[in-house]
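Working through the structure, step by step
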Amino acid sequence: MWGFLKRPVVVTADINLSLVALTGMGLLSRLWRLTYPRAVVGPPFGHMVLALGGYLGGFDGNFLWNRIGAEYSSNVPVWSLRLLPALAGALSVPMAYQIVLELHFSHC
């Protein structure tokens, strides 16, 4: 009954180094100096995504978002506000790469 346990388990991995490199560069380019500038930037939808990041990062809501270019106060967790949009942008790189491969283009 448990005869399948007597056979060895074989695990193989096929790693696409181009995809790993592109994903790494995408993450690096979007997460590098994420807290700079410490000012309000972006359109209204971007502010809603930032609000989600702020909620998840423990932002208390004591900042007026009324002027683009206004400096954030010290109680604003800028890194957590910008993390979600940065990750979404970085993960769009491997997604686009996979779409290009599905369209039968070369890896280069």
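Residues numbered from 1 in each chain as written. Predicted model: local features only at pLDDT ≥ 70, side-chain atom pairs only at ≥ 80, totals over all residues. Heavy atoms only, no water.

Put simply, the test is: UniProt positions are given in the numbering used here, feature names are shortened, and annotations may be inferred rather than shown by experiment.
The protein chain appears in an unreviewed UniProt entry as Protein O-mannosyltransferase 1 from Homo sapiens. Turning to the protein chain, the UniProt record has this under Sequence similarities (unreviewed entry): "Belongs to the glycosyltransferase 39 family." Under the UniProt heading Pathway (unreviewed entry), the note attached to the protein chain is "Protein modification; protein glycosylation."

A look at the overall build of the protein chain
Note the threshold: Runs of E in the DSSP output that reach at least two residues are strands. Runs of H or I that reach at least four are helices, and both are numbered from the N terminus. Computation of the radius of gyration draws on C-alpha atoms alone. For the globule rule, the value is 2.2 Å times the number of residues to the power 0.38. Any residue under 20% of the maximum accessible area for its type is buried, any over 50% is exposed, and the rest in between are partly exposed; the area is computed with a 1.4 Å probe on protein chains only.
Helix and strand counts for the protein chain come out as three helices and zero strands. Element order for the protein chain, N to C, with α for helix and β for strand: α-α-α. Against the 2.2 N^0.38 benchmark of 13 Å for 108 residues, the protein chain shows a C-alpha radius of gyration of 21 Å, more extended than a compact globule. Here the C-alpha coordinates of the protein chain stretch approximately 65 × 40 × 20 Å along the principal axes. By the burial criterion, 22% of the 108 residues in the protein chain qualify as buried.

Remarks on the UniProt feature "transmembrane region" (unreviewed entry) in the protein chain
Residues annotated in UniProt with the feature "transmembrane region" (unreviewed entry) correspond here to residues 15–32, 39–59 and 79–100. Measuring from the first to the last C-alpha atom of residues 15–32 gives 25 Å, for a span that is 83% helix and 0% strand. The distance separating the terminal C-alpha atoms of residues 79–100 is 32 Å; by composition the span is 100% helix and 0% strand.

A word on the confidence of the model for the protein chain
Heads up, the condition is: A residue's pLDDT is simply how confident the predictor is in it, with values from 0 to 100.
Confidence in the prediction for the protein chain averages 83 pLDDT; 95% of positions are at 70 or higher. When mean pLDDT is taken per element in the protein chain, helix H1 (residues 17–31) scores highest with 92 and helix H2 (residues 44–57) scores lowest with 78.

Remarks on helix H3 (residues 78–102)
The line we're drawing: By this rule, a helix spans an expected 1.5 Å times one less than how many residues it contains. The quantity called bend is, for any residue, the angle between two axes fitted respectively to the seven residues ending at it and the seven beginning at it. Two residues form a contact once any of their heavy atoms are found within 4.5 Å.
Over its 25 residues, H3 extends 37 Å from the first C-alpha to the last, a length consistent with the 36 Å expected when each residue adds 1.5 Å. Maximum bend of H3: about 30°, positioned at Leu84, with proline Pro85 one to four residues after it. Buried within H3 we find Val78, Ser80, Leu81, Arg82, Ala86, Gly89, Ala90, Pro94 and Tyr97. Elements that come into contact with the buried residues of H3 comprise H1 and H2. Immediately downstream of H3, the backbone of His104 shows phi near 65°, a positive value.

Here's the deal with the packing of H2 against H3
Where we set the bar: Under this scheme, a helix contributes an axis fitted over its contacting stretch, all axes are lines through C-alpha atoms, and angles between N-to-C directions fall in the 0 to 180 degree range. Oblique is the label for every angle not falling under 35 degrees (roughly parallel), over 145 degrees (roughly antiparallel), or within 65 to 115 degrees (roughly perpendicular). Helix crossings fall into two classes, left-handed where the near helix is turned counterclockwise from the far one by less than a right angle and right-handed where it is turned clockwise. In this classification, the charged set is Asp, Glu, Lys and Arg, the nonpolar set is Ala, Val, Leu, Ile, Met, Phe, Trp, Tyr, Cys and Pro, and all remaining amino acids, among them Gly, are polar.
It is at 7 Å that the axes of H2 and H3 come closest, and there the two elements cross at 125°. Taken together, H2 and H3 sit at an angle that is classed as oblique. Judged by the twist between their axes, the crossing of H2 over H3 is right-handed. Where H2 approaches H3, its residues Val49, Leu50, Leu52, Gly53, Gly54, Leu56 and Gly57 are matched on the opposing element by Ser80, Leu81, Arg82, Leu84 and Pro85. Its residues assigned to classes, the contact of H2 with H3 shows seven nonpolar, four polar and one charged.

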